[in-house]
Amino acid sequence: MKILRIDLSNKAVKFEEVPEKYAALGGRALTSKVVLDEVEPTCHALGKRNKLVFAPGLLSGTSAPSSGRLSVGGKSPLTGTIKESNAGGLAAQKFARLGIKAMILEGMSDEWCGIRLTKDGVEFIDVQDILGKGNYEVSDILREKYGKRVGIMTVGVGGEQRFVSGTIAVGDTDGRPTRHCGRGGLGGVLGSKKVKTIILDDAGINSVEIQDKDKFKEASLAFAKILINHPVCGQGLTTYGTPILVNILNEAGGLPTQNFRNGRFEGTEKISGETMYDNIKERGGNPSHGCHPGCVMRCSQLYHDKNGEYLTGGFEYETIWAFGSHCKIDDLDAIAKMDRFCDDFGVDTIEVGVAMGIAMEAGILPFGDKDGALNILSNEVAKLTPLGRLIGQGSDLVGRAYGLTRVPTVKKQSLPAYDPRAVKGVGVTYATTTMGADHTAGYSVATNILKSGGYVDPLKKEGQVELSRNLQIATAAIDTTGLCLFTAFAILDEADALPKVVDMINAQYGTSLVLDDVTTLGQNVLRWEREFNKKAGITSAQDRLPEFFKDEVPPHNTTFDITDEELDSVYNF
Amino acid sequence: MKIEVRLFAYLRDMVKDYDKGPIFIDLPDKSTVGDLVKYLDFEDEVLIIMVNGKRELEEKVLTEGDRVGVFPPVGGG
């Protein structure tokens, strides 16, 4: 494996030997360490001193199940912190097969360009015919030109315009831009460097090198079996995907409604995972779609419209919440159109969905106005009007432009789909993770609500700090392996699971890691990220939730009562 | 006593005539969550059960008008 370094300012391409200090790292561990080592923490995130680091996980490109996750790291133009943005799709496996341990993009190109990687090396390509076009059209053009089996990453117009909600889209198993490095605006960073697309062509390459093939196969098959037999990984996610959470969070009183005013929404059933499943079955979509080859969980789906035509894919709980109960919209097909828009334009559905609700809070349009929301996307955001740019830049900016206090952000990033007063464990994560308000960084929801990895009462403060801390550490480690984070449901419940992951890594690399090394790795990743953030000017004052979370929310009428001292103790390890 | 019950995901297909939304089930006073599970014939299922929005185990005693939600194991993000 090599480090591929591209200086976009002069198109210099270098394949470097992997330094010893990076040898044992992959995925998020590698991106965060490189960003800490090489990026000035005080740089302007959209300027030439920021870098983007693309790293497949340690297991990516092998036959390990559900191991195709890509990490992209840099300084976020939204949060001003370090960011690791993670996506499925085809890219991670192809980076690994091309022998690229990490690709570092630095500087800034004068002209818009694309980067094409093949077994023969690096080529810069002309992108004049795809600039200004949406991700769907661009994917079709590029697949026509370069082949249907290539991995394609693109920025949409959102990234071209350097939105802090700009994503890097990653083509899925059908070549559609449904997977995204979504949060924190790394698509805006790639756009600031004037790179429209990265194409990965691994034709002519067989596989990734594995030192002990027999031991690897044994561990990999055992891990696959654990996943398939686990009720969440092998059945729940496969059938319903993440949208099943709509009804669960509503029942638990934690589904944020009308900008975090209530934990239940009267329109919930209409936007539920059950309704989505029924629509898919009736209209000829696919409820169990894998975002990358080798995923046994297949939590994604292909959602068709009333006419039976494909409308969108990778239609997630977070999206349905942000444009749904958060905005008081109860029309699933309308929300599917919004998902399609965001995937095509290349913006984070959470950031833009929450911003849409803040636009409603500001009185720009009424809560519940689905046609108004669709109109804002098509005629303001898409047309890059000042209002469109405002909403594309996220909740914090919309809130400040209209003098609002009820703005649900941490480090300027919008909160995701769980009220922290009803799911206190994830509230601790939102406040303290290095990433800004982020639910995946320490998904306490699993243990607060979903009975995964034990149980900690979501309505009480006890145990939440420890829960968030442990999950943040474990997640940082899993994000290094290239495994989809959803394998964590099995890892948390089955004592055999994590040892199999360690066995796979040892068999592949000839290492002798033990379980404790996994914990140490996770802790180190968090320490590196915290160090960057501190140098970037982030203090504990930013590890807090907005003050309106001290007010009660029905139906449970609880508040977020975890103290500042308790939040500051999360990183005591 | 009347209990307000909602079933979710594929559990909906396992109870005759259940479509969606709340149904009202009459149980003897002092029935438990476990008694409700037996009534629904769900004893072989792994379940997440919420009573009035809070997760409860089989021993929990139900009272008149309680709102119960019953889920199979699911995950998400």
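About the thresholds
- Residues numbered from 1 in each chain as written.
- Chains lettered and ligands numbered in written order.
- Predicted model: local features only at pLDDT ≥ 70, side-chain atom pairs only at ≥ 80, totals over all residues.
- Heavy atoms only, no water.
- 1 Å grid on protein atoms, 1.4 Å probe; cavity = no way out; pocket = protein on both sides within 12 Å on 5 of 7 lines; lining within 4 Å.
- Points joined across faces, edges and corners; volume = space filled by probe spheres on them.
- Helix = DSSP H or I, 4+ residues; strand = E, 2+ residues; numbered from the N terminus.
- Nonpolar A, V, L, I, M, F, W, Y, C, P; charged D, E, K, R; others polar.
- pLDDT = per-residue confidence, 0-100.
- Pairing = 2+ DSSP bridges.
- Buried < 20%, exposed > 50% of the residue type's maximum accessible area, 1.4 Å probe, protein only.
- Contact = heavy atoms within 4.5 Å.
- Salt bridge = Lys/Arg side-chain N within 4 Å of Asp/Glu carboxyl O.
- Phe/Tyr/Trp six-rings, centres within 6.5 Å; stacked < 30°, edge-to-face > 60°.

Asks: Lay out the layout of surface pockets with the relevant residues and their values.
Replies: Residues and elements named next belong to chain A. One number sums up the size of the second largest pocket: a volume of about 740 Å³. Lining the second largest pocket are 37 residues, and of these Ala 23, Ala 24, Leu 58, Ile 505 and Tyr 509 sit closest to its centre. Listing elements by their share of the lining of the second largest pocket, those giving two or more residues are α2 (91–97), α18 (464–481), α20 (497–509) and α21 (515–535). Across the lining of the second largest pocket, the residue classes tally to 22 nonpolar, 11 polar and four charged.

Asks: Before we move on, can you summarise the confidence of the model for chain B with the specific residues and values?
Replies: Across chain B, the average pLDDT comes to 95, with 100% of residues at 70 or higher. Interface scoring of the predicted complex returns ipTM 0.97; its pTM is 0.97.

Asks: Any chance you could break down the sheet that holds strand β5 (residues 67–71) of chain B for me, citing the residues and the numbers?
Replies: All names here are of chain B. The strand order across the open sheet built from five strands is β2-β1-β5-β3-β4, with neighbouring strands paired in mixed fashion. Whereas interior strands pair on both sides, the edge strands pair on one side only; in this sheet they are β2 (23–26) and β4 (54–55). Taken together, the four bridges between strand β1 (residues 2–7) and β2 define a ladder with antiparallel strand orientation. When the bridges of β2 are listed, Ile 3 appears paired with Ile 25.

Asks: An account of the environment of A:Ile358 is needed here, citing residue identities and associated values.
Replies: Residues and elements named next belong to chain A. Tracing the chain through its elements places Ile 358 in helix α12 (residues 349–361). Looking at Ile 358, the relative accessible area reads 0%, which means it is buried. Residues Ile 358 and Ala 401 lie 43 residues apart in sequence; the distance between their C-alpha atoms is 11 Å. If we skip the residues at most four places from it in the chain, Ile 358 touches Asn 259, His 326, Ser 395, Val 398, Gly 399, Leu 404, Arg 406 and Pro 408.

Asks: Describe in detail the environment of A:Lys383, supporting the description with residues and values.
Replies: Within the fold, A:Lys383 resides in the loop between α13 (370–381) and α14 (386–392). Considering only alpha carbons, one finds A:Lys383 and A:Val157, 226 residues apart in sequence, at a separation of 9.9 Å.

Asks: Give me the pairing of strand β3 (residues 48–51) of chain B: which residues, what numbers.
Replies: Residue and element names in this part refer to chain B. Of the two faces of β3, the one lined by Ile 48 and Met 50 and the one lined by Ile 49 and Val 51 are each fully buried. Relative to β5, β3 runs antiparallel, the two being bridged by four bridges. Paired with Ile 49 across the strands is Val 70, a residue of β5. In the sheet, β3 pairs with β4 via two bridges, with the strands oriented antiparallel. Residue pairing for β4: Val 51 is matched across the bridge by Lys 54. Counting the residues between successive antiparallel strands, the hairpin from β3 to β4 contains two residues, one of them, Asn 52, with a positive phi of roughly 55°.

Asks: Describe the pattern of salt bridges, listing the residues and the values that go with them.
Replies: All names here are of chain A. Counted under the stated rule, the structure contains 45 salt bridges over all chains. In this structure, Asp 202 and Lys 94 form a salt bridge, with 2.9 Å as the shortest nitrogen-oxygen distance. Separated by 108 residues along the polypeptide, Asp 202 in the loop between β12 (195–200) and α6 (213–229) and Lys 94 in helix α2 bring together distant segments of the chain. When sorted by exposure, Asp 202 lands in the same class as Lys 94, which is buried. Three or more residues joined by partner-sharing salt bridges are found here, namely Arg 5, Lys 14, Glu 16, Glu 38, Lys 51 and Glu 106.

Asks: Describe the packing of aromatic side chains, listing the residues and the values that go with them.
Replies: Residue and element names in this part refer to chain A. Evaluation of the coordinates by the stated rule reveals 15 aromatic pairs over all chains. Both rings, one in Tyr 571 and one in Phe 573, keep their centres 5.9 Å apart while their planes meet at 50°; by these two values the pair is tilted. Here Tyr 571 falls in the buried class, since its relative accessible area comes to 12%. Three or more aromatic residues joined by ring pairs make a cluster, and in this case those are Tyr 317, Tyr 418, Tyr 443, Phe 486 and Phe 489.

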